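Observations on chain architecture
These are the residues of each chain, in order.
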Amino acid sequence: MVIKVENLVKRYGDLIAVDHLSLEVQQGEIFGLLGPNGSGKTTLINCILALLKYDKGNISIFGKPMRPDAYDIKRDIGVIMQNVAVFNELTVYENIDYFCGLYVKDKAERKRLVEEAIEFVGLNDFRSFYPKKLSGGLLRRLNIACGIAHKPKLIILDEPTVAVDPQSRNNILEGIVRLNKQGATIVYTSHYMEEVEQICTRIMIIDKGRIIATGTKEELKSMINIGEIVSVGSVELNQTQLETIRRLPNASQVEYENHNLTVTFAKGRSNLLNLMDLLRKENVDYGSVYSQLPTLNDVFLEFTGKQLRD
Amino acid sequence: MFTHVFKYRLKCLLRDKVVLFWTILFPIVLSTLFFTAFSNLNNAVSFTSAKVAVVDNEAYRNNKPFQEALVSVSEKRDEQEPLLSVELVSSDEAETLLEQGKVHGIILLDPDIKLVVKQSGMHQSIIKSFLDQYRQISASYGTVILRNIDIPANGDTLTRFPADDYLTELPLGKNKTDNTVTYYYALLAMASLYGAFWGLRVIGEVQADQSANGARINLAPVHKMKTLLAGILAAWIIQFVELSLLLLYMILVLKVPFGNQAGYILLTCLVGALAGLTLGTLVSGLVKRNLGLKIGVLIGLSMLMSGLAGLYFAPFKYIVIKAVPMLAYINPANLITDALYALYYYDTYHRFALNIALLLAFSAVFLLLTYLTVRRDRYASIPSIQEDN
């Protein structure tokens, strides 16, 4: 077990930011913490890292209680914060060297690790650049390099892709998977469900400091009663036809707006075929059609009654 | 580890152009402005001789003592302007010169000495004072001679007319009094207190609730106090070097008198730098989060303290000492100016030592309070911090 949190409670006055939350992170997994902004993800991470005081609960990392002076534990943790934490007066190389030097005393060893980190995040051409000269994506990569240069066993990434372009985002996500393959256990927090779905081996969805659901993405999706969502574009329908669609087997929700039809089906066989047959029989023309499997947003929607993106 | 952190703190601070501007460039510019202003002021009040036309008549030619007295006050001495600038002319010419404003007054011996002026003013008063003094002295010598007192009554007796005052201004200490030095000393004190900006930065970078870098440093396996001490030491060295450069500029370029005790003057800079720096660490530790508020508090404090030490109006320093002596003793800026003052004017080191001891005591108190405010390990809350910290 890498992280164990038991019954954690963190209050800000009357507001409960983390509400009796327990979790376990196993070695070698990429553990995703998914929740909307303000759901308590960062507060939870800060409590785990012994940055924040908390009201109740126990936290242990690598089997030992986590405290601010637990330097033996901290030595094996790498953290990439939500806000870029680098010194504007130091170059890319100097920033990584500075933060790596807080963990690694040996100069030769540190030099090797810094070079590897620069190589890993692809900042070789920018090593003498100052942070202000870097683009948002490159800056995020530098932020990551500063957090992982000392080769930690546990890496915690708190929303590392906020305000990053798609190309840099993909680079970052690929890098996280590579770090995991090299042996690091990853805790990844995000409010982007696509990212969490893409890289995490296990996911915990939280809202208002409480756990909504935990499991693999398949397990989470199986917890809800949505089989698929079929969208038909540029379609002309009358009320009778809409009523017929509503009576289709497994159709749980039918929406028609601006000539676009969206039908949510519960789990079942041939949902898409049934809808296509009906449209053909009714001689209804359409521009496009596609079927979408349920997403984590649907999971969140079903459990909380609101969109994850809200 | 300490060396590693210290090296990078030094690099970071030395590359912080904004703080460097306020802590070294701004005081240099301000001292130059002071220099320009004081030069103009000195020129504006510089002394010029009173121009006087003496009527060259029989009575004048017969009055040797008066002629010699006139010569004695119209000669240039020690690069100083003479009291009177004398023109020997006829009666008509004298009147023309006075009419045209080319002389301030006419001296006419008829046979009594008479002064003719067209208007009153400083120069006219100077001529009158000279004549009054001459009359008084010649009357005194006349009395002495009449009473047959045994002094040599030769012709030289009245020639040694006292061109200078009877009272000579002597400095109490070892150096000549210069009122403008208060401004420069107060400026150096202000620059010392500006070291608070380094302190502000040093604290911000080790506190997880003040910067993202602070959060990252708190997550590292290094004691926070070790990082803090490395930062304070780096900032102290930089601030001391900056003050020394400012001092050199004032002494070598602006020719501000600081005395000859370089070692003690540098000690004042060293202790002053520490006092300013620790004031900054304290304010930064006490005022949470809002950087603008912290900067405002620090600027306000340093301006107030420097003002009370005579930065804007030199006599204010003495007014404070007289009216609220305690305020002078708890004002680090005043202690710095006073230490420099004591070195420049006094022969003993008691007052200097008291100022330095008080500055060290304040620094220790500021450091202790800083420690108490930043020593905690866990934070009650960590706000979302701007990336550009």
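Note that this is a predicted model, so its numbers are computed, not measured.

So, the overall build of chain A
- Helices and strands together make up the secondary structure of chain A, namely eleven helices and 14 strands.
- The principal-axis extents of the C-alpha atoms in chain A amount to approximately 75 × 45 × 35 Å.
- Taking all 310 residues of chain A together, the buried fraction comes to 41%.
- Nonlocal contacts in chain A, meaning residues at least 24 apart in sequence, comprise 68% of its contacts between residues at least 6 apart.

Looking at the pairing of strand E1 (residues 3-12) of chain A
All names here are of chain A.
- Judged from the seven bridges that link them, E1 and strand E2 (residues 15-25) form a sheet pairing that is antiparallel. When the bridges of E2 are listed, Lys-4 appears paired with Glu-24.
- Joining the antiparallel neighbours E1 and E2 is a turn of two residues, in which Gly-13 adopts a positive phi near 65°.
- As judged from the five bridges shared by E1 and strand E4 (residues 56-61), these two strands associate in the antiparallel manner. Across the sheet, Val-5 pairs through a bridge with Ile-59, a residue of E4.

Focus on the confidence of the model for chain A
- Put simply, chain A has an average pLDDT of 90, and 99% of its residues get 70 or more.
- Helix H11 (residues 296-304) of chain A is the least confidently modelled element of chain A, averaging 82 in pLDDT, while helix H3 (residues 92-101) of chain A averages 96, the highest of any element.

Some words on the sheet that holds strand E6 (residues 77-80) of chain A
Residues and elements named next belong to chain A.
- Strand order in this open sheet of six strands is E6-E7-E8-E3-E9-E10, and the pairing throughout is mixed. This sheet does not close on itself; its edge strands, each paired only once, are E6 and strand E10 (210-215). Put simply, the sheet's adjacent strands are angled 15° from each other on average, direction ignored.
- The sheet contact formed by strand E9 (residues 202-207) and E10 spans five bridges and is antiparallel. In the strand pairing of E10, Met-204 is matched with Thr-214.
- In the packing of helix H5 (residues 136-148) onto the sheet, contacts are made with E6 and strand E7 (154-158), and the angle to E6 comes to roughly 165°.

A word on the environment of Lys-41 of chain A
Residue and element names in this part refer to chain A.
- Checked against the element boundaries, Lys-41 lands in helix H1 (residues 41-48).
- For Lys-41, a count of 24 C-beta atoms within 10 Å translates into the label buried.
- For the pair Lys-41 and Tyr-256, spaced 215 residues apart in sequence, the C-alpha to C-alpha distance is 36 Å.
- Once residues within four sequence positions are removed from consideration, Lys-41 is found in contact with Leu-33, Gly-35, Thr-189 and Ile-206.

Digging into the nonpolar core
- Of all hydrophobic cores here, the largest spans 159 residues; its most connected members are Ile-96, Ala-145, Ala-149, Ile-186 and Tyr-188 of chain A together with Leu-188 and Leu-340 of chain B.
- Those residues in contact with Ile-186 of chain A that lie beyond four places of it in its chain are Ile-30, Phe-31, Ile-155, Leu-157, Ile-176, Leu-179 and Asn-180 of chain A.
- Judged by nonpolar contacts, the second largest core, of 20 residues, contains Val-55, Phe-66, Leu-83 and Ile-106 of chain B.

The rules behind these values
Residues numbered from 1 in each chain as written. Chains lettered and ligands numbered in written order. Predicted model: local features only at pLDDT ≥ 70, side-chain atom pairs only at ≥ 80, totals over all residues. Helix = DSSP H or I, 4+ residues; strand = E, 2+ residues; numbered from the N terminus. Buried ≥ 20, exposed ≤ 12 C-beta atoms within 10 Å, placed from the backbone. Contact = placed C-beta atoms within 7 Å. Pairing = 2+ DSSP bridges. pLDDT = per-residue confidence, 0-100. Axes fitted to C-alpha atoms, helices over the stretch in contact; angles between N-to-C directions. Core = buried A, V, L, I, M, F, W, Y, C linked by C-beta atoms within 7 Å.

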